[in-house]
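Given next are the chains, with one letter for each unit.
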Amino acid sequence: MNSIKNIILFLIGGVIFSACESVLDKENLEGINPDLVWGTEAGAYAYLNEIYVELMPDFSVGHGRNTDEAVYNSLPSFLSGTATIDTWYYWPYETIRKINVLLEDIDGGTLEAELVEELKGQAYFWRAWAYFHMVVRYGGVPLLLEVQEQTMDDDELYLPRNKTSECMVQIISDLDKAISLLPTKFTASELGRIDQIAAKAFKGRVLLYYASPQFNPESDQSRWQNAYDINKAALEFCIEQGKGLYNDYENIWYTNNNSEFVMVKYYNDPEVVYSIDGTRPQTWSSAVGVDYPTLDLVDAFPMKDGTKFNNSNGYQKYWKNRDDRFYATIGYNGCHYPCPEAIEEGTYLWTWRNEQEGSVIGTLSSPTFFYRMKAMDWEVDQSGLNRATVPWIEIRFAEVLMNYGEAANEIGNIDEALNVLYQIRERVGILPGTNGRYGITASTQEEIREAYMDERCVEFAFENKRFWDLRRLRKLDILNNMKYHHGLKIIAEYPGPRAMEDIDEIYDKFTYEPYEIILEAQINVKDNYYFFGIPKDILDRNSKIEQTEGWNSGTFNPLD
């Protein structure tokens, strides 16, 4: 009954209000009788479930368009350098109020003490989550930790921004409270709820961010040491609880509750679903334009022996002998494409064009000539693309492991950092080589730092990590140096392959030409995008909030 995958939002009102004869009987039309919420397990969980729905991230579709992962049919304002203070809006104070109500009122109910602790633990986690995701966007924000009463005057209601450092202290405090109250892990019937494993892993993520150049441009080593200590503890705890690298990378998303799952959102058709429409080729979809992998991403995947892909000899065999993650992530010309229609039609994925300029053959609608494969729901057909249910893994074990390894490198523990990279690569079938280094050539701290960024790019492709990593590491110059996204134009030099012809036998009947995908403008990400501006609507409502430095003459320093 308590599983997140069984949340049905419209039932929340029914659970809470079914005992009322009339809505007019309530003294406060905006309020809820606490006895109906904090007096029953069903009422309390209905209240908490709404917080989950509002804050738990959804399956990542389309986020790669703001990075070098994917391209869309127009250039996002983030990449074109035309973003305004209203481009980003994340201000979840209504949900924070709900959390504060729970934390203040639940002790006055009649629930069992153990259940109260469990619910409060989850609430503390979500308050930390909400504040962290504001801080990574804007820097410090107002810390609202108590329920504000409607009788307060404006001077009491409207708060200024707290320093970023103060917000981080509060976030860690809330996570520590959550960890002290949460169960080690939930039972199978409650999969998807936040337990100690998820909370400790998220705490490690928070401290890694705070130690990273976005927040720590002077590389204060005490922050890196703290990040290392907490991520190491989180890693060890995960391992104690049976977590680890799942040995089948492609099927991480399809094997329920495997060892990689740390923080997960489950879906359940028809109540909780999402759309993958637009991710598949046009003939097997009803829309186009989402998650076309760029040639830049394709080039990033290592070879089977761990060496970098070398495009100096051209692209005739670009798909041969690549890292296993390549095949789990990239749909390429002539690959097996397991959507129901392709299987029924008995065809591979063909993305080539013929020699007539602009003509489209077969299933092509991708400007890059590639499609996304990773974590796609292959169970749904064209009529069901709005009812996908593959779980969204917000935190998986590989992230916990790599967060620890990255922090280890920054405090000089080079051998530990390298060992993590070896584990990541061994899991996906990269060969160790005679030196047992899995193709890793990095040996200095700076080289290992770059190796981690490269590895995260392919390990977490299409998992909504790249955008935040580029900001966290102050590496937006990578996007500007590209100037444009890139694709690989594949032209057939003959009428074209049959439906299931072997690409290994006919690859030389195509020409392969890298090209720039020129949209409205050249990529021009601005330096002030490391911290976003506060939206105008928020400024208009609260005169005490300063704008962020770098935005509209802002004076708030997000590094304090």
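This text goes with the structure placed above it.
Reference entry: report on the structure contained in this document. Source: prediction; values computed, not measured. (Residues numbered from 1 in each chain as written. Predicted model: local features only at pLDDT ≥ 70, side-chain atom pairs only at ≥ 80, totals over all residues. Heavy atoms only, no water.)

### Some remarks on the overall build of the protein chain
Move 1: Each helix and strand counted, the protein chain has 20 helices and eight strands in total.
Move 2: Expressed as lengths along the three principal axes of its C-alpha atoms, the size of the protein chain is roughly 80 × 55 × 50 Å.
Move 3: When burial is assessed residue by residue, the protein chain has 56% of its 560 residues classed as buried.
Move 4: Total accessible area computed for the protein chain in this model is approximately 23500 Å², and 47% of it derives from carbon and sulfur atoms.
Move 5: Placing the 51 positive and 87 negative side-chain charges of the protein chain at their respective mean positions leaves the two points 4 Å apart. (Helix = DSSP H or I, 4+ residues; strand = E, 2+ residues; numbered from the N terminus. Buried < 20%, exposed > 50% of the residue type's maximum accessible area, 1.4 Å probe, protein only. Areas by Shrake-Rupley, 256 points an atom, 1.4 Å probe, with all protein chains shown as cover. Lys, Arg positive; Asp, Glu negative; His and termini not counted. Charge placed at Lys NZ, Arg CZ, Asp CG, Glu CD.)

### Points about the packing of helix α15 (residues 414-427) against helix α16 (residues 445-459)
Move 1: At their nearest, the axes of α15 and α16 sit 11 Å apart, and the two run at 25° to each other. Here α15 is positioned roughly parallel relative to α16, judged by the angle of their axes. Remark: the crossing between α15 and α16 carries left-handed chirality. Taking contact as the criterion, the partners of I414, A417, L418, V420, L421, I424, R425 and R427 in α15 are, on α16, Q445, I448, A451, Y452, E455 and E459.
Move 2: Across the contact of α15 with α16, the residue classes break down as nine nonpolar, one polar and four charged. (Axes fitted to C-alpha atoms, helices over the stretch in contact; angles between N-to-C directions. Parallel < 35°, antiparallel > 145°, perpendicular 65-115°, else oblique. Left-handed = near helix turned anticlockwise from the far one by under 90°. Contact = heavy atoms within 4.5 Å. Nonpolar A, V, L, I, M, F, W, Y, C, P; charged D, E, K, R; others polar.)

### Some details on helix α5 (residues 93-105)
Move 1: Between the first and last C-alpha of α5 there are 18 Å, a value that for 13 residues agrees with the 18 Å anticipated at 1.5 Å per step.
Move 2: Turning to α5, its buried residues number three or more, namely Y93, T95, I96, I99, N100, V101, L102 and L103.
Move 3: Where α5 is buried, its residues meet α2 (34-38), α3 (41-55) and α6 (113-138). (Expected span 1.5 Å × (residues − 1).)

### Some words on the nonpolar core
Side chains of nonpolar character tend, in soluble globular proteins, to be buried together.
Move 1: F78, F125, W126 and Y318 are the most contacted members of the largest nonpolar core, which has 183 residues in total.
Move 2: Take this core: its biggest share by element is 16 residues, from α6.
Move 3: For Y318, the residues in contact, after removing those within four places along its chain, are V298, F309, F326, Y332, N333, F370, L488, I490 and Y512. (Core = buried A, V, L, I, M, F, W, Y, C linked by side-chain atoms within 4.5 Å.)

### Looking at empty space enclosed by the protein
Move 1: Here the structure, examined in full by the defined rule, presents two cavities of 30 Å³ or more.
Move 2: There is about 50 Å³ of room inside the largest cavity.
Move 3: Along the walls of the largest cavity sit 14 residues, with S60, H63, G64, E69 and N464 positioned nearest its centre.
Move 4: Here the residues of the lining of the largest cavity are counted per class, giving three nonpolar, six polar and five charged. (1 Å grid on protein atoms, 1.4 Å probe; cavity = no way out; pocket = protein on both sides within 12 Å on 5 of 7 lines; lining within 4 Å. Points joined across faces, edges and corners; volume = space filled by probe spheres on them.)

### Let's talk about the pairing of strand β2 (residues 261-265)
Move 1: When you tally the buried positions in β2, you get five out of five residues, the bulk of the element.
Move 2: Two strands pair when backbone bridges link them, and β2 and strand β6 (residues 392-396) are joined in this way by four bridges, in the antiparallel orientation. From the neighbouring strand, F261 faces β6, where its bridge partner is R396. (Pairing = 2+ DSSP bridges.)

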